[in-house]
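# Descriptive structure summary
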Amino acid sequence: MKSFQGSQGRAYLFNSVVNVVCGAAEERVLLTGLHAVADIFCECCKTTLGWKYELPKCHKLWENIVMQLQNGLHE
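Let me sum up the structure you'll find in this document. (Residues numbered from 1 in each chain as written. Predicted model: local features only at pLDDT ≥ 70, side-chain atom pairs only at ≥ 80, totals over all residues. Heavy atoms only, no water.)

## Topic: the sheet that holds strand 3 (residues 20–30)
The sheet built from three strands is open, its strands ordered 3-4-5 with antiparallel pairing. Edge positions in the sheet fall to strand 3 and strand 5 (48–53), since each of these pairs with one other strand and no more. On average, each strand axis in the sheet is tilted by 30° relative to the strand beside it, whichever way the strands run. In terms of strand pairing, strand 3 meets strand 4 (residues 33–42) through nine bridges, oriented antiparallel. Bridge assignment links Leu30 to a residue of strand 4, and that residue is Gly33. (Pairing = 2+ DSSP bridges. Helix = DSSP H or I, 4+ residues; strand = E, 2+ residues; numbered from the N terminus. Axes fitted to C-alpha atoms, helices over the stretch in contact; angles between N-to-C directions.)

See below:
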């Protein structure tokens, strides 16, 4: 777990979490610029806990293309 400063105070960066659900991704202006993020809610009480970074659609597309190319090279 890594600690850093967010716009509303202390924040934490996690690799994985449990018992949460994600909202729809949207672009927001953060301290470091424009990013695609999705709100994270408690699965039980639906309280907003924070948000997570989302990869842009073009990045996901490139990951898929690279994976297909790598699979084609190994066949």
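## Focus on the packing of aromatic side chains
For the coordinates displayed, the defined rule picks out one aromatic pair. Between Trp51 and Tyr53 the ring centres are 5.0 Å apart and the planes differ by 90°, which places this aromatic pair in the edge-to-face class. Since its relative accessible area comes to 35%, Trp51 is described here as partly exposed. The class of Tyr53 is partly exposed, set by a relative accessible area of 42%. (Phe/Tyr/Trp six-rings, centres within 6.5 Å; stacked < 30°, edge-to-face > 60°. Buried < 20%, exposed > 50% of the residue type's maximum accessible area, 1.4 Å probe, protein only.)

## Digging into the layout of surface pockets
There is about 890 Å³ of room inside the largest pocket. Around the largest pocket, the lining is made up of 25 residues, and of these Phe4, Ala11, Tyr12, Gly50 and Trp51 lie nearest the centre. Only strand 1 (2–6), strand 2 (9–13), strand 3 and strand 5 provide two or more residues apiece to the lining of the largest pocket. Counted by class, the lining of the largest pocket contains 14 nonpolar, nine polar and two charged residues. (1 Å grid on protein atoms, 1.4 Å probe; cavity = no way out; pocket = protein on both sides within 12 Å on 5 of 7 lines; lining within 4 Å. Points joined across faces, edges and corners; volume = space filled by probe spheres on them. Nonpolar A, V, L, I, M, F, W, Y, C, P; charged D, E, K, R; others polar.)

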